[in-house]
Amino acid sequence: MADLGRIAVLGGGSWATALSKLILKNVDRISWYIRRDERIEEFIRLGHNPVYLSDVSFDVSKIFFSSDINRVISQADTIVLALPSPYLKAHLENITTPLQDKIVVSAVKGIVPDENKIVTRYFMDRYGCRDENMLVIGGPCHAEEVALDRLSYLTIGCHDLVKSRKFADCLRSDTIKTITSHDVDGIEYGAVLKNVYAIASGIVHGMKAGDNFQAVLICNAVREMRRFIDIIDPVPRSIADSAYLGDLLVTAYSRFSRNHNFGSMIGRGYSVKAAMMEMEMVAEGYYGTKCIHEINRTANVSMPILDCMYRILYEFVPARKAIAAIAPGFI
């Protein structure tokens, strides 16, 4: 693991907690940025995250905790980003430590709001990070199942396959299998889109539209995802790979999927605002819908499901009416 140097994790949520657990199986020590001092104090006292995945125990003597993001980054050679995308800029704007020579691993699965950029592109443009030092983590892999030590698969994307293999080794265990890929942009865009389609899946589930219709919805979502990604980043890829189709399926159907659950509330009649207020965690697909919709104004890809979600989430068109308008075109 020497080539990755010292590893830091940024974020205090369930995915950051799950990834920290995986990394600490293979390295002796990590640094960990969590925003609130009181949460760090409780974490150290209890030996587990007091809010997320609280069943996962840690040897806190192996962790340097800090609410100072620059202090954590300055001690690290490799930074693992596991912050919710809506709040990413608010955290990153506090960074004064140079990042050009750091290895940056994005586990964000979202687009940087207002910038409408995938995370790796934002870091290269904003902080001067080098393309060969930018990595992404793709699924399918729910944090909750990692915590339960259930067999899971991760795809590590990087244009430098030596780095992706080394970071894959850092996560690999008896229950975590890893795959490497060159397709950094495709994995990132796929991770955003699968959250959008998981909301759609949740909506039709909440409407009790039935398994048959939901299956057709997801088939059309796969086609839509492929069209968009192939236009945005035209490189060879198979949309059937686990980083795309697998991640879409698990997010669209799993009881652990916050995006599916968010959509299900809307399908059952909740307003968008009420569903967001009831969610205890961020539904990334809500923000991803707006970002991709704005990106697609230039790309001009046919994306009826995305457009439907935009109408429901941002134009407040009733879900049943919006879904009915696109359903006849499904095949």
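It should be noted that the structure appears before, not after, this text.
Residues numbered from 1 in each chain as written. Predicted model: local features only at pLDDT ≥ 70, side-chain atom pairs only at ≥ 80, totals over all residues. Heavy atoms only, no water.

**Observations concerning the packing of aromatic side chains**
To describe a pair of aromatic rings, you give the distance between the ring centres and the angle between the ring planes.
(1) Moving on: Considering all chains together, one arrives at 13 aromatic pairs under this definition.
(2) Moving on: Each ring, one from tryptophan 32 and one from phenylalanine 43, has its centre 5.2 Å from the other, and the planes form 70 degrees; the classification is edge-to-face. Linking tryptophan 32 in strand S2 (residues 30–33) with phenylalanine 43 in helix H2 (residues 37–46), this pair joins segments that are eleven residues apart in sequence. When sorted by exposure, tryptophan 32 lands in the same class as phenylalanine 43, which is buried. (Phe/Tyr/Trp six-rings, centres within 6.5 Å; stacked < 30°, edge-to-face > 60°. Helix = DSSP H or I, 4+ residues; strand = E, 2+ residues; numbered from the N terminus. Buried < 20%, exposed > 50% of the residue type's maximum accessible area, 1.4 Å probe, protein only.)

**Re the pattern of salt bridges**
(1) Moving on: Scanning the entire structure with this criterion turns up 18 salt bridges.
(2) Moving on: Residue aspartate 160 pairs with lysine 163 through a salt bridge whose shortest N-O separation is 2.9 Å.
(3) Moving on: For aspartate 183, the salt bridge goes to arginine 237, with nearest N and O atoms at 2.6 Å. Taken together, the residues span a long stretch of sequence, with aspartate 183 in the loop between strand S10 (176–181) and helix H8 (184–206) and arginine 237 in the loop between helix H9 (211–232) and helix H10 (242–253) at a distance of 54 residues.
(4) Moving on: Because the salt bridges share partners, they merge into one network encompassing Asp183, Asp230, Asp233 and Arg237. (Salt bridge = Lys/Arg side-chain N within 4 Å of Asp/Glu carboxyl O.)

**Let's talk about the packing of H8 against H10**
(1) Moving on: Relative to each other, H8 and H10 sit at 25 degrees, their axes nearing to 8 Å. It follows that H8 is roughly parallel to H10 by the angle criterion. Handedness of the crossing formed by H8 with H10: right-handed. In contact with Gly186, Ile187, Lys194, Asn195, Tyr197, Ala198 and Ser201 of H8, H10 contributes Ala243, Tyr244, Asp247, Leu248, Thr251, Ala252 and Tyr253.
(2) Moving on: Within the contact of H8 with H10, the residues separate by chemical class into eight nonpolar, four polar and two charged. (Axes fitted to C-alpha atoms, helices over the stretch in contact; angles between N-to-C directions. Parallel < 35°, antiparallel > 145°, perpendicular 65-115°, else oblique. Left-handed = near helix turned anticlockwise from the far one by under 90°. Contact = heavy atoms within 4.5 Å. Nonpolar A, V, L, I, M, F, W, Y, C, P; charged D, E, K, R; others polar.)

**Description of the sheet that holds strand S8 (residues 134–138)**
(1) Moving on: A sheet is described by the order of its strands in space; here eight strands give the open sequence S3-S2-S1-S4-S5-S8-S9-S10, paired in mixed fashion. If you trace the sheet from one side to the other, it starts and ends with strand S3 (63–66) and S10, each paired once. Direction aside, neighbouring strands of the sheet carry axes that sit 20 degrees apart on average.
(2) Moving on: Bridge count for strand S4 (residues 78–81) against strand S5 (residues 103–106) is four bridges, and the pairing is parallel. Bridge pairing in S5 places isoleucine 79 opposite valine 104.
(3) Moving on: In this fold helix H7 (residues 161–171) packs onto strand S1 (7–10), S4, S5, S8, strand S9 (152–157) and S10, with an angle of close to 170 degrees to the strand it touches most, S10. (Pairing = 2+ DSSP bridges.)

**Considerations on the pairing of S2**
(1) Moving on: Neither face of S2 is left uncovered, since the one carrying Ile30 and Trp32 and the one carrying Ser31 and Tyr33 both have all their residues buried.
(2) Moving on: Here S1 pairs with S2 via four bridges, running parallel. For leucine 10, the partnering residue across the bridge sits in S2 and is tyrosine 33.
(3) Moving on: Relative to S3, S2 runs parallel, the two being bridged by four bridges. Bridged to tryptophan 32 within S3 is phenylalanine 65.
(4) Moving on: Between the parallel elements S2 and S3, the chain passes through H2 in a crossover that is right-handed. (Right-handed = clockwise from strand over helix to strand, strands pointing away.)

**Concerning the side chain of histidine 91**
(1) Moving on: By secondary structure assignment, the location of histidine 91 is in helix H4 (residues 88–92).
(2) Moving on: Residue histidine 91 is classed as buried on the basis of its relative accessible area, which comes to 12%.
(3) Moving on: Contacts of histidine 91, omitting those with residues within four sequence positions, involve Tyr33, Arg35, Ile69 and Leu83.

**Things to note about unusual backbone geometry**
(1) Moving on: The peptide bond linking glycine 139 to proline 140 adopts the cis configuration, its omega dihedral lying at 5 degrees.
(2) Moving on: Looking at the element boundaries, proline 140 is found in the loop between S8 and helix H6 (143–147).
(3) Moving on: For aspartate 114, which is not glycine, the phi torsion reads 70 degrees and is therefore positive.
(4) Moving on: Assignment of secondary structure puts aspartate 114 in the loop between strand S6 (111–112) and strand S7 (117–118).

**Topic: the pairing of S5**
(1) Moving on: Residues Ile103 and Val105 of S5 are buried on one face, and the alternating residues Val104 and Ser106, pointing to the opposite face, are buried as well.
(2) Moving on: Pairing of S5 with S8 involves three bridges; the strand directions are parallel. Bridged to valine 105 within S8 is leucine 135.

**Some thoughts on the environment of serine 74**
(1) Moving on: Positionally, serine 74 belongs in helix H3 (residues 69–74).
(2) Moving on: C-alpha of serine 74 to C-alpha of serine 106: the two residues are 32 residues apart in sequence and 18 Å apart in space.
(3) Moving on: Contact partners of serine 74, with chain neighbours within four places excluded, come to Arg6, Thr97 and Lys102.
(4) Moving on: Reaching out from serine 74, the side chain makes a polar contact with the backbone oxygen of arginine 71 at a distance of 2.9 Å. (Polar contact = N/O pair within 3.5 Å; in protein donor to acceptor, adjacent residues only side chain to side chain.)

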